[in-house]
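Spelled out from the first residue to the last, the chains are:
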Amino acid sequence: MDLRSLSPVYAVSPQISVEDVPAIAEAGITLVICNRPDSEVPPSHQAEAIGAAVRDASLRFEVLPLTHQTMTPENVAIQSGMVESAGGPVLAYCASGTRCSVIWALDQAATRPADAVLADTSAAGYQLDGLRPTLEQLHNR
């Protein structure tokens, strides 16, 4: 498992497995968000299997599959609402953690400058410099 913190309450990860769930619970995560479409993974790693293990560990589990086409303002707001209502640290996962980082960055841009958002994603190992124009536009609204 490769948890990478973007903020004190939001971490991202590449695909997790059922075997990772005890460590996720031990890390203090209260909500796990699956941003990976089931069509990308075998049944053992699909949302139903991961979600059952997460719920068995008494953690909350949400599913918001993301692709380039579904990285919409509506989905940014949905993910933001899940994070805000989590009541504790959140882990979002996808194939590499990039989509989870992008949706977080798009949400953060409303209140934080692009440089600050990109510094946080870069520190976690996600180079999202191609998002700069969009982040700047969102920040300047």
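Before any of the text, the structure's been laid out above.
Residues numbered from 1 in each chain as written. Predicted model: local features only at pLDDT ≥ 70, side-chain atom pairs only at ≥ 80, totals over all residues. Heavy atoms only, no water.

Engineer: I'd like a description of unusual backbone geometry, backed by residues and values.
Structural biologist: Even without glycine at this site, S58 takes up a positive phi of about 65°. Mapping S58 onto the fold places it in the loop between α2 (47-56) and β4 (60-63). Looking at S58, the relative accessible area reads 68%, which means it is exposed. (Helix = DSSP H or I, 4+ residues; strand = E, 2+ residues; numbered from the N terminus. Buried < 20%, exposed > 50% of the residue type's maximum accessible area, 1.4 Å probe, protein only.)

Engineer: I'd like a rundown of the packing of helix α3 (residues 73-84) against helix α4 (residues 98-108), residues and numbers included.
Structural biologist: Where α3 contacts α4, the two axes come as close as 9 Å, and the packing angle between them is 90°. Between α3 and α4, the angle is such that the two are roughly perpendicular. In this structure, α3 uses N75, V76, Q79 and S80 to contact α4, whose residues at the interface are I103, L106 and D107. (Axes fitted to C-alpha atoms, helices over the stretch in contact; angles between N-to-C directions. Parallel < 35°, antiparallel > 145°, perpendicular 65-115°, else oblique. Contact = heavy atoms within 4.5 Å.)

Engineer: Describe the packing of helix α5 (residues 114-123) against helix α6 (residues 132-139), with residues and values.
Structural biologist: Where α5 meets α6, the axes come as close as 9 Å, and the angle between the chain directions of the two elements is 135°. Put simply, α5 runs oblique to α6. For α5 against α6, the interelement crossing comes out right-handed. Taking contact as the criterion, the partners of A114, D115, V117 and L118 in α5 are, on α6, R132, L135 and E136. A per-class count over the contact of α5 with α6 returns 4 nonpolar, no polar and 3 charged. (Left-handed = near helix turned anticlockwise from the far one by under 90°. Nonpolar A, V, L, I, M, F, W, Y, C, P; charged D, E, K, R; others polar.)

By themselves these figures say nothing about function.
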